[in-house]
Amino acid sequence: MLQGRVIAESLRVGCDLQVRDLRITRIDRQDVSAAAGSHQPDVWTLLDVEGPDDTADELASALADALVGGQGWYADFRVADDHVVVFPGRIFRYAIGDQTGRAEAVRHGRLAGVPTHQLDWGD
């Protein structure tokens, strides 16, 4: 089962993110003013999602198209033994525990403006 989290504020205004069989399992609002990046709002809406493994590519592609660029946003999820990290226009998928794959995603995140303290997804 694919499982991950999407921050609603990271999605472009007007995007219509539709992925077959994807379900929202939890909605949580958090004051992240102490950790938000300079271009990010102080309150985030966290959407925990899950879906069948075979929707991973569809979700990754949809997120790559839907995420706001230039503000340090990304989304990530796990599917089977892989971790998928999605930035605007870019997708990284690597085996959980693959330090080289993770390092490539982190490197891209830094270049994309993600604050270093937010590049902390677990593997």
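Whatever comes next refers back to the structure up there.
Being a predicted model, the structure only gives us computed values, none of them experimental.

## Thoughts on the overall build of the protein
Scanning the protein from N- to C-terminus turns up 2 helices and 6 strands. Taken over the C-alpha trace, the protein has a radius of gyration of 14 Å; the compact-globule value for 123 residues is 14 Å, and the two agree within 12%. Counting every position in the protein, which comprises 123 residues, the buried fraction comes to 45%. Considering only contacts in the protein between residues 6 or more positions apart, those separated by 24 or more positions represent 58%. With an accessible surface of roughly 6,600 Å², the protein has 46% of that area assigned to carbon and sulfur atoms. Computing the positive centroid from 12 side-chain charges and the negative centroid from 20, the protein places the two 3 Å apart.

## Here we look at the pattern of salt bridges
Taken as a whole and assessed by the stated rule, the structure comprises 8 salt bridges. The partner of Arg29 in a salt bridge is Glu9, with the nearest N and O atoms 3.3 Å apart. With Arg29 in strand 2 (residues 23–31) and Glu9 in the loop between strand 1 (2–7) and strand 2, this residue pair connects regions lying 20 residues apart in the sequence. Overall, Arg29 belongs to the exposed group, its relative accessible area being 51%. As a salt-bridge pair, Arg23 and Glu50 come within 1.9 Å of each other at their nearest N and O atoms. Here Arg23, found in strand 2, pairs with Glu50, found in strand 3 (residues 43–51); they are 27 residues apart in sequence, far enough to count as distant. Residue Arg23 is classed as partly exposed on the basis of its relative accessible area, which comes to 47%. What you see here is one network of salt bridges that share partners, running through Arg20, Asp54 and Glu58.

## Some thoughts on the sheet that holds strand 3
The strand order across the open sheet formed by 6 strands is 2-3-1-4-5-6, and the pairing between neighbours is antiparallel. Of all the strands in the sheet, just strand 2 and strand 6 (90–95) have a single pairing partner and so form its edges. Neighbour-to-neighbour, the strand axes of the sheet open up by a mean angle of 15°, direction not taken into account. Relative to strand 3, strand 1 is paired through 6 bridges, and the arrangement is antiparallel. Of the residues in strand 3, the one forming a bridge with Gly4 is Val49.

Calculation notes
- Residues numbered from 1 in each chain as written.
- Predicted model: local features only at pLDDT ≥ 70, side-chain atom pairs only at ≥ 80, totals over all residues.
- Heavy atoms only, no water.
- Helix = DSSP H or I, 4+ residues; strand = E, 2+ residues; numbered from the N terminus.
- Rg over C-alpha atoms; globule rule 2.2 N^0.38 Å.
- Buried < 20%, exposed > 50% of the residue type's maximum accessible area, 1.4 Å probe, protein only.
- Contact = heavy atoms within 4.5 Å.
- Areas by Shrake-Rupley, 256 points an atom, 1.4 Å probe, with all protein chains shown as cover.
- Lys, Arg positive; Asp, Glu negative; His and termini not counted.
- Charge placed at Lys NZ, Arg CZ, Asp CG, Glu CD.
- Salt bridge = Lys/Arg side-chain N within 4 Å of Asp/Glu carboxyl O.
- Pairing = 2+ DSSP bridges.
- Axes fitted to C-alpha atoms, helices over the stretch in contact; angles between N-to-C directions.

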